[in-house]
Amino acid sequence: MSALADNRAGGALRSLCIAMLLVVAARAGSAAEIPLPQRRSGYEFMGRETRAMQDDDSANPGMLWVLDGEKLWNTKAGAAALACADCHGDARASMRGVAARYPAFDAAAARPVNLQQRINRCRGEQQKAPPLAFESKDLLALAVYVGLQSRGLPIVPQTDERAKPFIEAGRELFQRRQGQLNLSCAQCHDDNWDRRLAGNAITQGHPGGYPLYRLEWQGLGSLQRRLRNCLVGTRAQAYDYGEAELVNLELFLMWRARGMNIETPAVRP
Amino acid sequence: MARALINVPATARRGDIIDIKALISHEMETGFRRTQLGVPIPRDIITQFICTYNGAEIFRAEFHPAIAANPFIAFSTIATESGTITFNWSGDNGFSAAESAAISVA
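Residues numbered from 1 in each chain as written. Chains lettered and ligands numbered in written order. Predicted model: local features only at pLDDT ≥ 70, side-chain atom pairs only at ≥ 80, totals over all residues.

Asker: What is the right way to read the confidence of the model for chain B from this model?
Answerer: Caution applies to low-pLDDT regions: their predicted coordinates should not be interpreted in detail. Per-residue confidence for chain B gives a mean pLDDT of 96, with 99% of residues at or over 70. The complex model carries a pTM of 0.88, and its ipTM stands at 0.90. (pLDDT = per-residue confidence, 0-100.)

As C-alpha cells, this is what we get:
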C-alpha cells in the first residue's frame, strides 16, 4: 500500500489502476462465467432515482429519440423515395422481437451484422439512400425505435450455426487481456461484478438496454460507444465503430445475456 | 427542432393534487466549454419555462448553465377546472417551444 500513498499526487486515474490491479490480484484465477441465475441487469445496480427515470416514459430522455425514430420510420428517404413503413408497415407489429435477436448472421456479408448495420443495409438496398453515420442522431433514433418494440422480451439465444464461430471470437476477445493496464473484460465483468471501482458499481456488462441514455453522456449512445469507452479505460486502442471485433463482442454479449429482457431505451448513470 | 414529452393526467377530481411532468430535448451548452482548438463554444441554453393553466401562470422556472441537457421538470398543482395546461420554453438564440395538454376535471 505504500506505493499507493507515495503516489497520491499522481491523480485519480493512477490510484484507480492500482486499486483495480489489487482487486484483480485478490481474485486471480477465478475467471468463470457468471451462472445464469446470478445474472443481473445494470438496472439492478442503479439507485432509486435513476431507476425511476427509466421506468417512467415521460421522464426517460431516451423516449425523445424514440419520437425522432418514429418520425424517421414514416419519412420517405433516398432515390427510391421509400419510408421504412412502406415495406415494414407498423413497426409495433413488424419490428416486435427483432432487436432481441441482433446481431444476426447475414448471408450476404458472410458474417454477423448488428442492428445499426442492418438498418443501413436496408437504406442502401431498398431506399437507395446513403448510409447513416454510426452514432449519428438519426441512426440512433431508428435503432432505439426498433429496439423499443422488443422492450420486455427476452434476448433470443443464437441458434444459427453460422454465427457460432463469431460468438467464440467474441468470447475470446472478452477474455483477452489488452491495453496498457493488461485487463480483459472478464476480469471486471465476470470476476468482480459484485464490487465497486472508484465508488461506481462494476456491473456484469449486459447489453439489453442499448441504445440507452447515459447521464454521463447527456445523450443516447450505442453499445459500441460503451464498449469503446471501456477499451479506452483499459488504455487499449479502441476498435472503430462497425469493426468486426466490436460486432463479435456484441454478439457474444447478447449470447451471454440470452433470456434476459430487452430494456431499450434504458437509462444508466 | 425541439421534441417534448408531457405528462398531465387526462382526468382529475376537483381539488385533487395532480403531478405534472415536462421533458424537452435541448443540448444546454453551458458556454464554459471550449473546442479542441481552444475556441469557446457559445452558450446555448433554455432560460425560462412557464406553465399556465387556462391562461393563469401556475409555475415558472429560470434555467442556468448548470442544468443538464434535456431538462426535466416535475411539479404539482391543484385541479380546479377543465381546460388546457400549456407549457412554454424559451432560451438563447431565439429558442422557443410550446406544448399543451387537455385536462378534464369533474
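Asker: For this particular structure, what's the right way to read the nonpolar core?
Answerer: Note on soluble globular proteins: their nonpolar side chains tend to be buried together. Residue and element names in this part refer to chain A. Counting 65 residues, the largest nonpolar core has Leu142, Ala143, Val144, Tyr145, Val146 and Leu251 as its most contacted members. Sorting elements by how many residues they give to this core places helix α8 (residues 137–148) first, with nine residues. Looking at which domains feed residues into this core, each of domain 1 (40–55 + 158–268) and domain 2 (62–148) supplies at least three. Once residues within four sequence positions are removed from consideration, tyrosine 145 is found in contact with Val66, Gly69, Glu70, Trp73 and Ala91. (Core = buried A, V, L, I, M, F, W, Y, C linked by C-beta atoms within 7 Å. Buried ≥ 20, exposed ≤ 12 C-beta atoms within 10 Å, placed from the backbone. Helix = DSSP H or I, 4+ residues; strand = E, 2+ residues; numbered from the N terminus. Domains from an automatic or database assignment. Contact = placed C-beta atoms within 7 Å.)

Asker: I tried to follow the packing of helix α7 (residues 115–127) of chain A against α8(A) on my own but got confused; where do I start?
Answerer: Residue and element names in this part refer to chain A. Contact geometry of α7 with α8 gives a least axis separation of 10 Å together with a crossing angle of 110 degrees. As judged from the angle between their axes, α7 and α8 are roughly perpendicular. Contacts from Leu115, Gln116 and Ile119 of α7 reach α8 at Leu139, Leu142, Ala143 and Val146. Among the residues making up the contact of α7 with α8, the classes are represented as six nonpolar, one polar and no charged. (Axes fitted to C-alpha atoms, helices over the stretch in contact; angles between N-to-C directions. Parallel < 35°, antiparallel > 145°, perpendicular 65-115°, else oblique. Nonpolar A, V, L, I, M, F, W, Y, C, P; charged D, E, K, R; others polar.)

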